[in-house]
Amino acid sequence: MGKKVKEDKKPPPDDVFDAISVESRQAGTVVLMLSSPEEDVQSKACEAIYKFVDKCDENKKQLLDLGAGEALLKLMQSEDRIVRRNACMALGVMTANPDVRKFLRKREESVPAFIQLLAPEEDTVVHEFAALGISNMATEFSSKASIFESGGVDALVKCLSSSDPDVQKNSVEALAQMLLDYQSRAAIRDADGLNPLLEMLKSEFSIIQKLSLLALDRASQDSENRSTLRDLEAMTVLVDFVAHPEWNDLHVMAVMVLSNLLEDLESLELVKETGGLKRLVALITDQVPPEEEPKAGTGKGEKKAGSRAAKKSAKGSKKEESEKDEPPPGEAIIPTLPDVKMCAAKAIARSARSAENRKILHEQEAEKMLIHLLNHESTDVQTAAAQALGIMSENLLSKDSIREWEGLQPLIKLCNSDNGDVKESVTLALANLTTGNSSNCKEVSNLNGTETLIHLLADPRDEAVANTCCVLTNMATEEVLRSEAQGKGIVTALLEPLKSKNTRVQAKSSLAVAAYVCDVDSRSEFRNAGGIENMVQLLHSGNDEVRRNAAWALAVCAVDEPTAIEICKLGGMDLLQEIQVSGTRKNPFAEVALERLLDANLSAKYALTGQLSSTNVIEDGFYDAGQIRPNTKFMSIEDYCKQQLNDKRPVLFINAKADPVTTQSSSTQEMEAKESSKTNVSGKSSRTGREGKGKSKQKEKEEKQREEELQAQLQKEAEALATSENQPFNPPTDSNLLKYLEEVTERILPLATAAEQVRALAQFVADKMGGPIEKGQLPNFSWELPLSQVKFELKSNVIPIGKIKAGIHIHRALLFKALADRIALPCTLTRGEYNRAWNEVMLPETPEQPGGQKFPPRSFIVDLIHQPGGIMRSDSPEAVTYKKL
């Protein structure tokens, strides 16, 4: 860099140093010249530095290292206008370097110095570079605070009205940076800076328009600023801006500002009254905007439109055609860019988050625009439109309107898109549209959407799968649609989402399973496909929603006894018990699932809860294994039968069936008796004339025949023993219980009243279990030794209830419940402590006077021990004594 400092050519006085010309090519030398007391030298040095730092960023850092920053900052406050101007130009350009900004942040006087140079009396060039310096420094948050505290917002707003475009550009850029801070948003409103920003949208320079829109976007994030912008008719200005196709590269930013404004209900009402919303919709959908009638009081808008033309004509604009807000009839419509359509759809979606806004948007038929955008070729536009439709569909009227305007068809069509975002947003829209709306569910089915949705269950996009499960769950509320989906294989198709690692997919697919496995065939299909195992595994999830939904699905599946048994085999009952014991994972859905599971497995219910209600009917296969702890695994009757004989409490088994071996042996004995009678008759007839040799031959034949029969029998027993290992488990039978049932059915069932049946049955049970026991003599009643003898005879820990001839509370109460259920006599079974158990029945309480008033039925406990057939009110002292003693 080379500069000459030239002095005046007139002869200097005798006491003045002669003028010299200095030429330097070193930056350090010029920096030293900044310290000169001569203002002319300072000015020329600043100018040389400005030209040097404007070349590249490295020069800025070099001069900072040489100490130019301190000197320039001092010269910016010089009294000489030229020195101030050149110093501001140099330091303003240097602020583009982060090291320079870091240096200035440490100088408290730096920001006030720049703001002071924005005063109206300063030159335009000074305004330009001072605003440039503030704009660069405003990129740092700490500098924003200093600028705000020094009144920089007010000074910058005043510069917006400058006639110089560079001053406008730097000022609006600085304001855009400042508006990232919420304090500056309120400050620009107090400084009346919003109207100048709107006016700058008419600038002929696109960079100024862009920065103005950026500033408006940030300013409109404040609710009070939005109110001010409504008063300034910003909505109309922005819609007019979008109507100009030559500014299409800025339409996205204009729509973003509109998006902020449309968030307020008042803005929506205003744009509805002025017709701006319909006009915006028409512009976005590439249609001719509707004609707007001039309204009274719009002189301000006319002034704005005229000012743009006057400004351009004053500057000698080369454009001869005047700008028009609307294209003339017959003129081709220039389509808006895809990004603009996308932003418009997002603006609708953002505004529709409020219920009141959704109502106004529906009245303005915003759904039509969104449906139109679904057919656009851009996937981004399709995604944004589907998302907006999903939010709009939260309005009940919008759900019907979208169906009537044929919006479901493009949504279902887009389910086959290759773009994951499109499928995710489309399925979300369908999920909202079908929620609580049976007409939309039927329409989806009519459009062949069921197969498409079932196919989507295997999609790799988790959110799309979760939304699809929601749609299918909504459709399952209609029986016809549910049957259709079941016929198309939805039950097996839901297995894949259940295996997902995504918790939302797991939760939604579990709900879908609960919605579709509501009949015997679907539950059987789901069980055979291995779905029960997947559902049980979800109970291990750490997500609350997944556990709740999985428990609800298991509750639906547990209605069938085979499915309930399968759940128990896979450990579902144990997991549900763990959940209910836990203080954090416990939930009502798991409680319902456990109750239904236990209702389908009464043996487990009685072992865990110690209680069977009157609706829990004991059937063959029930067994009482005793009270078990909640966290203990419940074993099957097959497991108990396979155990070695031990000294623990026996398992009481209910199975009123005749012994097949006994039946078969009795039938073979009858056959042998018949055959022997036949041989005896034939022997007597042939005995005449053949008694000598005939006797010996007959004996030999009989012995030979017996040997053959014995060998055949041994062979059959060996074959039976060999095949028994491969045969399914056959539980022990109880022919005695079968006889009890026949006797009870014959003698007790015909009795007239329930009370008579209760008394007779109680006496019958007591007779079969050793008779009545006097009070206080229960410890002397011998029942343990006979029970042990039965265990030893059967070589098993499982004892059929009919084999017990001496029993106490637990044996008698169980037999009473089993027999009462077979004759439809409602009663409960409750387990107490220390081998206690009792039955409760509901009987009407009748006063002693005949024909007296009958009260509602009350609960009575049946005495099976001391006075068999007696009944006691459940809340009486006798009943309490019976339960405990």
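Residues numbered from 1 in each chain as written. Predicted model: local features only at pLDDT ≥ 70, side-chain atom pairs only at ≥ 80, totals over all residues. Heavy atoms only, no water.

## Describing the overall build of the protein chain
Move 1: Helices and strands together make up the secondary structure of the protein chain, namely 49 helices and 11 strands.
Move 2: Of all 885 residues assigned to the protein chain, the portion counted as buried reaches 47%.
Move 3: For the protein chain, the computed accessible surface area is about 45,300 Å², with 49% contributed by carbon and sulfur atoms. (Helix = DSSP H or I, 4+ residues; strand = E, 2+ residues; numbered from the N terminus. Buried < 20%, exposed > 50% of the residue type's maximum accessible area, 1.4 Å probe, protein only. Areas by Shrake-Rupley, 256 points an atom, 1.4 Å probe, with all protein chains shown as cover.)

## A closer look at the side chain of Asn86
Move 1: Along the chain, Asn86 falls in helix 5 (residues 81-94).
Move 2: Polar side-chain contacts of Asn86 include one of 2.8 Å to the side chain of Ser43.
Move 3: When residues no more than four places from it in sequence are discounted, the contact partners of Asn86 are Ser43, Cys46 and Glu47. (Polar contact = N/O pair within 3.5 Å; in protein donor to acceptor, adjacent residues only side chain to side chain. Contact = heavy atoms within 4.5 Å.)

## Some remarks on empty space enclosed by the protein
Move 1: Scanning all chains against the criterion turns up 1 cavity of 30 Å³ or more.
Move 2: Here the largest cavity defines a volume of roughly 50 Å³.
Move 3: Mapped by element, the contributors of at least two residues to the lining of the largest cavity are helix 17 (251-261), helix 19 (276-284) and helix 21 (338-351).
Move 4: The class makeup of the residues in the lining of the largest cavity is 10 nonpolar, no polar and no charged. (1 Å grid on protein atoms, 1.4 Å probe; cavity = no way out; pocket = protein on both sides within 12 Å on 5 of 7 lines; lining within 4 Å. Points joined across faces, edges and corners; volume = space filled by probe spheres on them. Nonpolar A, V, L, I, M, F, W, Y, C, P; charged D, E, K, R; others polar.)

## Quick word on the packing of helix 29 (residues 449-456) against helix 30 (residues 462-475)
Move 1: For the pair helix 29 and helix 30, interaxial distance at closest approach is 9 Å and the crossing angle is 140°. In terms of their interaxial angle, helix 29 and helix 30 are classed as oblique. When the axes of helix 29 and helix 30 are compared, the crossing they make is left-handed. Counted together, Thr450, Leu453 and Leu456 of helix 29 and Val465, Thr468, Val471, Leu472 and Met475 of helix 30 form the full contact between these two elements. (Axes fitted to C-alpha atoms, helices over the stretch in contact; angles between N-to-C directions. Parallel < 35°, antiparallel > 145°, perpendicular 65-115°, else oblique. Left-handed = near helix turned anticlockwise from the far one by under 90°.)

## Describing the packing of helix 5 against helix 8 (residues 124-137)
Move 1: At their nearest, the axes of helix 5 and helix 8 sit 8 Å apart, and the two run at 30° to each other. On the basis of the axis angle, helix 5 is roughly parallel to helix 8. Two packed elements cross with a definite hand, and for helix 5 against helix 8 that hand is left-handed. Here Arg85, Cys88, Met89, Gly92 and Val93 of helix 5 come into contact with helix 8, specifically with Val125, Val126, Phe129, Ala130, Leu132, Gly133 and Asn136.
Move 2: Looking at the contact of helix 5 with helix 8, its residues break down into 8 nonpolar, 3 polar and 1 charged.

## Quick word on unusual backbone geometry
Move 1: Here Asp192, not a glycine, exhibits a phi torsion of approximately 55°, which is positive.
Move 2: Take Asp192: its relative accessible area is 59%, and that puts it in the exposed class.

## Quick word on helix 11 (residues 165-178)
Residue pairs three or four apart in sequence face the same way in an α-helix, which turns once every 3.6 residues.
Move 1: Here helix 11 contains 14 residues, and its C-alpha end-to-end distance of 20 Å stays within 8% of the 20 Å for a straight helix at 1.5 Å per residue.
Move 2: Restricting attention to buried positions, one finds in helix 11 the residues Val167, Gln168, Asn170, Ser171, Val172, Ala174, Leu175, Ala176 and Met178.
Move 3: Near the N-terminus of helix 11, the side chain that reaches the backbone nitrogen of Asp166, with its oxygen 2.9 Å away, is that of Asp164. (Expected span 1.5 Å × (residues − 1).)

## A closer look at the pairing of strand 10 (residues 857-862)
Move 1: Bridge analysis of strand 9 (residues 840-844) against strand 10 gives 5 bridges, and the strand direction is antiparallel. When the bridges of strand 10 are listed, Val841 appears paired with Phe860.
Move 2: Bridge analysis of strand 10 against strand 11 (residues 871-873) gives 3 bridges, and the strand direction is antiparallel. Residue pairing in the sheet places Phe860 in a bridge with Arg873 of strand 11. (Pairing = 2+ DSSP bridges.)

## Some thoughts on the pattern of salt bridges
Move 1: In total, this model carries 39 salt bridges according to the counting rule given.
Move 2: Glu47 is the salt-bridge partner of Lys51, the closest N and O atoms lying 3.8 Å from each other. Of this pair, Lys51 and Glu47 both sit in helix 2 (residues 39-53), 4 residues apart, roughly one helical turn.
Move 3: Among the ionic pairs, Glu484 bridges to Lys488, the shortest N-O distance being 3.0 Å. (Salt bridge = Lys/Arg side-chain N within 4 Å of Asp/Glu carboxyl O.)

## A short note on the sheet that holds strand 9
Move 1: Spatially, 3 strands are ordered 9-10-11 in an open sheet, and the strand pairing comes out antiparallel. Each edge of the open sheet carries a strand with a single partner, namely strand 9 and strand 11. For this sheet, the mean angle separating the axes of adjacent strands, direction not counted, is 50°.
Move 2: Packed on one face of the sheet, helix 46 (residues 754-768) meets strand 9, strand 10 and strand 11 and runs near 145° to strand 9.

## Observations regarding the side chain of Asp217
Move 1: Tracing the backbone shows Asp217 in helix 14 (residues 206-219).
Move 2: Contacts of Asp217, omitting those with residues within four sequence positions, involve Met256, Val257 and Asn260.

## Some points on helix 19
Move 1: With 8 of 9 residues buried, helix 19 is to be regarded as a mostly interior element.
Move 2: Those residues of helix 19 that sit buried are Gly276, Leu277, Arg279, Leu280, Val281, Ala282, Leu283 and Ile284.
Move 3: If you follow the buried residues of helix 19, they end up packed against helix 16 (234-242), helix 17, helix 18 (265-274), helix 21, helix 22 (355-363) and helix 23 (366-374).
Move 4: Note on helix 19: the residue one or two positions beyond its end, Asp286, has a positive phi of about 60°.

## What about the environment of Ala600?
Move 1: Along the polypeptide, Ala600 turns up in helix 40 (residues 588-600).
Move 2: Along the backbone, Ala600 and Asp560 are 40 residues apart, and their C-alpha atoms lie at a distance of 7.1 Å.

## Some thoughts on the packing of aromatic side chains
Move 1: Applying the stated criterion across every chain yields a total of 6 aromatic pairs.
Move 2: Ring geometry for Tyr623 and Tyr640: centres 6.1 Å apart, planes at 65°, overall edge-to-face. Taken as a pair, Tyr623 in strand 4 (residues 623-624) and Tyr640 in helix 42 (residues 637-642) lie far apart in primary sequence, 17 residues in all.
Move 3: Tyr640 gets classed as buried once you look at its relative accessible area, which sits at 11%.
Move 4: Positioned over the ring face of Tyr606 is Arg831, at 4.1 Å from the centre of the ring. (Phe/Tyr/Trp six-rings, centres within 6.5 Å; stacked < 30°, edge-to-face > 60°. Lys NZ or Arg CZ within 6 Å of the ring centre and 35° of its normal.)

## A few points about the sheet that holds strand 6 (residues 798-800)
Move 1: One open sheet holds the 3 strands; their spatial order is 4-5-6, and the pairing between them is mixed. The open sheet has two free edges, formed respectively by strand 4 and strand 6, since each of these has just one partner strand.
Move 2: Looking at chain direction, strand 5 (residues 651-653) and strand 6 are connected through 3 bridges and run parallel. Paired with Phe653 across the bridge in strand 6 is Pro800.

## Here's the deal with the nonpolar core
Move 1: One finds Leu72, Leu411, Leu430 and Phe526 to be the most contacted residues of the largest nonpolar core, which totals 205 residues.
Move 2: Each residue touching Phe526, except ones within four places of it in the same chain, is listed here: Val491, Leu495, Leu498, Val513, Val517, Gly531, Ile532, Met535 and Cys557.
Move 3: Counting 54 residues, the second largest nonpolar core, distinct from the first, contains Ala762, Ile773, Ile799 and Phe816. (Core = buried A, V, L, I, M, F, W, Y, C linked by side-chain atoms within 4.5 Å.)

## Things to note about the environment of Gly621
Move 1: Here Gly621 lies in the loop between strand 3 (611-612) and strand 4.
Move 2: Taking C-alpha positions, Gly621 is 8.6 Å from Ser603, a pair spaced 18 residues apart along the chain.

## Comments concerning a negative patch on the surface
Move 1: The grouping of Glu700, Glu702, Glu703, Glu707, Glu708 and Glu709 at the surface amounts to a negative patch.
Move 2: Checked against the element boundaries, Glu707 lands in helix 44 (residues 692-724).
Move 3: The exposure class assigned to Glu707 is exposed, which follows from its relative accessible area of 51%. (Patch = residues over 30% accessible without salt bridge, like charges linked within 9 Å, V, L, I, M, F, W, Y side chains within 5 Å. Lys, Arg positive; Asp, Glu negative; His and termini not counted. Charge placed at Lys NZ, Arg CZ, Asp CG, Glu CD.)

## Some points on the environment of Val471
Move 1: With respect to the helices, strands and loops of the structure, Val471 is situated in helix 30.
Move 2: Judged by its relative accessible area of 0%, Val471 falls in the buried class.
Move 3: Along the chain, Val471 and Thr435 lie 36 residues apart, while their C-alpha atoms are 7.7 Å from each other.
Move 4: Those residues within four positions of Val471 in sequence are excluded, and the remaining contacts are Thr427, Leu430, Ala431, Thr434 and Leu453.

## Details of the confidence of the model for the protein chain
Move 1: Averaged over every residue, the pLDDT of the protein chain is 83; residues scoring 70 or more account for 84%.
Move 2: Looking over the protein chain, one finds the lowest element-wise mean pLDDT in helix 20 (residues 299-314), namely 35, and the highest in helix 30, namely 96.
Move 3: Throughout residues 677-692 the model reports pLDDT below 50, and contacts reaching past four residues in sequence, or to other chains, amount to 1 contact. (pLDDT = per-residue confidence, 0-100.)

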